Amino acid sequence: MKKKLRIIKRFCQRIYGEWLPKREKPRVLQMPITSRCNSCCVTCNVWKHHDRKDIDATLLKEALKDPFFSEVQSVGINGGEFSLVPNLIAVLDALTSLPRLESIYLITNGIATEKIKEHTKSAKSFCSAHGISVTLCISLDGVGYVHDTIRGIPGNFEKTMQLIQDITKEKDKYCDNLVIGHTLSRFNIDKVHEVEDYLSPFGLALDIHLAVPNKRIGTYTDHDRYNILADDKSRQIAAEYFYSRFLYENNLTAKARFFANYYYLKNKGKGRLSNCLYRYRDVTIDENLNLRLCATAGKSLGNLEKESASTIINSNSTKKEAKRLLKECDNCIHYAYYPLTTKGRWLFAREVAKQQYSMTIYKCSSGKQRLKVSISALNKVIKMVVKYDY
Ligand code: SF4
Ligand code: SF4
């Protein structure tokens, strides 16, 4: 009974947050800690446009003492390329200002393999000593030349595979969890099954997501080159891929995520079905200590060297920016792993019901039997809608 009440309470909180978003303290911080990168990805302009800048760890440590950050549990560290930051441990030390920090998530491009291993090993040892878990995500966008072409670095695929093997052999030295990040773009969508097939002997978790326009990496107005929405054939292949993953996936949370991607593609880049907690809770701090809501479409709200996070967040300009951002969300599929919205839950449940029950209902010999089966199906679907992400 208690569990049921908890599920219903959480469900109501989510609905409330979705319909009447009210700013909460962040639980997740996204932190691109450097604009330096040794890759030349076709899906990114960081390596072309930005100054080469690392975050200032001393200023960061001070900034994170602000009570606004007191509930942060998880920090995503990316860049640029985190392994190029010489004082990574000082940055991690700055994170110890966060009283509730439980985990960090590091993303690497797998190029400078020895540096990555050295930095990751030190990070793991530092974090373990502070009770913080480490997830390492290695990016892999294709097999062989596909990956090298997207990354713009010949030989990157071989190095990345070597890194994956080295880390898998002694995983505990480097991280608690190892994930492979796979970004889908026009350059690899027609080979979408290759990475999965290639990696299947390793038994690694694969995080598949669409390449999206992103203000911070300078691709917000310059994304047609790689964006799957830019040509109908790529969009169609991607929509079919996500629908087939939705059909055959048994884990309900993953199934919902595939469905949200499928729906967005089917509707030509409109109709976001996953909630996004960057709308009213989580935030981003970039390498210049600018505070943003999300990294995708969010503008800088202010600089943490000059003002405290609490001051910035409570300002009128932040309220205006939050309102402006809401208008962008329907066209954005970033962070599609968040739980579905109410509309998303309904559409998802209807599609699952269609998939699971339509043939049984069709085969019913009488109207009475059809009604009985339909009510039972409806009952199961409602339960699923309420608790799928628990
Ligand atoms: S996507 Fe990542 S690895 Fe590639 S250029 Fe941008 S920051 Fe570097
Ligand atoms: S624009 Fe995208 S990432 Fe930003 S808050 Fe909206 S849904 Fe989230």
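Just so it is clear, the model here is predicted, and its values are computed rather than measured.

### Some words on the overall build of the chain
- Tallying secondary structure elements over the chain gives 15 helices and nine strands in all.
- Here the chain has a C-alpha radius of gyration of 22 Å; the compact-globule value for 390 residues is 21 Å, and the two agree.
- By its C-alpha atoms, the chain is 75 × 50 × 40 Å across when sized along the principal axes.
- Counting only residues that meet the buried cut, the chain has 40% of its 390 residues in that class.
- Long-range pairs, those at least 24 residues apart, make up 75% of the contacts in the chain between residues at least 6 apart in sequence.

### Thoughts on the site of ligand 1
- What surrounds ligand 1 is the set Cys37, Ser39, Cys41, Cys44, Val46, Trp47, Gly79, Gly80, Glu81, Asn109 and Ile217.
- Residue composition of the shell around ligand 1, by class: six nonpolar, four polar and one charged.

### Observations regarding the site of ligand 2
- Taken together, 14 residues form the shell around ligand 2, and within it Cys276, Cys294, Ala297, Cys329 and Cys332 come nearest.
- Residues of the shell around ligand 2, tallied by class, amount to nine nonpolar, three polar and two charged.

### As for unusual backbone geometry
- Omega for the peptide link from glycine 79 to glycine 80 comes to 20 degrees, which places this bond in the cis form.
- Looking at the secondary structure, you find glycine 80 in the loop between strand E2 (74–78) and helix H4 (88–95).
- The phi dihedral of tyrosine 335 is positive, around 55 degrees, even though this residue is not glycine.
- Examined against the element boundaries, tyrosine 335 turns out to sit in the loop between helix H13 (316–329) and helix H14 (342–363).

### As for the environment of glycine 203
- Structurally, glycine 203 can be placed in the loop between helix H9 (192–199) and strand E6 (205–210).
- The class of glycine 203 is exposed, set by 7 C-beta atoms lying within 10 Å.
- Sequence spacing of glycine 203 and threonine 113 is 90 residues, and the spatial spacing of their C-alpha atoms is 21 Å.

### What about the environment of leucine 371?
- Along the polypeptide, leucine 371 turns up in helix H15 (residues 367–387).
- When the 12 C-beta atoms within 10 Å are taken as the criterion, leucine 371 is described as exposed.

### Things to note about the sheet that holds E6
- Strand order in this open sheet of nine strands is E6-E5-E4-E3-E2-E1-E7-E8-E9, and the pairing throughout is mixed. Unpaired on one side and paired on the other, E6 and strand E9 (300–303) mark the two borders of the sheet. For this sheet the average axis-to-axis angle between neighbouring strands, irrespective of direction, equals 25 degrees.
- Note: strand E5 (residues 177–184) against E6, six bridges, orientation parallel. Opposite threonine 183, over in E6, you have histidine 209 as the bridge partner.

### Remarks on helix H1 (residues 2–19)
- If you check H1, its first and last C-alpha atoms are 26 Å apart, about what 18 residues at 1.5 Å a residue would give, namely 26 Å.
- With zero of 18 residues buried, H1 is to be regarded as a mostly surface element.

### Points about the domain arrangement of the chain
- What the domain assignment lists for the chain is domain 1 (24–340) and domain 2 (349–387).
- On a C-alpha basis, the centroid separation for the pair domain 1 and domain 2 is 38 Å.

### A closer look at the packing of helix H10 (residues 232–248) against helix H11 (residues 252–266)
- Where H10 contacts H11, the axes come no closer than 8 Å and their chain directions differ by 155 degrees. Judged by the inter-axis angle, H10 sits roughly antiparallel to H11. Of the two possible hands of crossing, H10 and H11 adopt the one that is left-handed. Across from Arg235, Ala238, Ala239, Phe242, Tyr243, Arg245 and Phe246 in H10, the residues of H11 making contact are Lys255, Phe258, Phe259, Asn261, Tyr262, Leu265 and Lys266.
- Considering only residue class, the contact of H10 with H11 consists of nine nonpolar, one polar and four charged.

### Focus on the packing of H4 against helix H5 (residues 113–129)
- One way to put it is that H4 packs onto H5 with a least axis distance of 10 Å and a crossing angle of 25 degrees. One way to sum up the angle between H4 and H5 is to call them roughly parallel. The chirality of how H4 crosses H5 is right-handed. Along the contact surface, H4 presents Leu88, Ile89 and Leu92, while H5 presents His119, Ser122, Ala123, Phe126 and Cys127.

### Some words on the pairing of strand E4 (residues 133–139)
- In this structure, strand E3 (residues 103–108) lies alongside E4, joined through six bridges in parallel fashion. Bridge pairing in E4 places threonine 108 opposite isoleucine 138.
- Note that the unit made of E3, H5 and E4 has a crossover that is right-handed.
- In this structure, E4 lies alongside E5, joined through five bridges in parallel fashion. From the neighbouring strand, isoleucine 138 faces E5, where its bridge partner is isoleucine 180.

Calculation notes
- Residues numbered from 1 in each chain as written.
- Chains lettered and ligands numbered in written order.
- Predicted model: local features only at pLDDT ≥ 70, side-chain atom pairs only at ≥ 80, totals over all residues.
- Helix = DSSP H or I, 4+ residues; strand = E, 2+ residues; numbered from the N terminus.
- Rg over C-alpha atoms; globule rule 2.2 N^0.38 Å.
- Buried ≥ 20, exposed ≤ 12 C-beta atoms within 10 Å, placed from the backbone.
- Contact = placed C-beta atoms within 7 Å.
- Near = placed C-beta within 6 Å.
- Nonpolar A, V, L, I, M, F, W, Y, C, P; charged D, E, K, R; others polar.
- Pairing = 2+ DSSP bridges.
- Axes fitted to C-alpha atoms, helices over the stretch in contact; angles between N-to-C directions.
- Expected span 1.5 Å × (residues − 1).
- Domains from an automatic or database assignment.
- Parallel < 35°, antiparallel > 145°, perpendicular 65-115°, else oblique.
- Left-handed = near helix turned anticlockwise from the far one by under 90°.
- Right-handed = clockwise from strand over helix to strand, strands pointing away.

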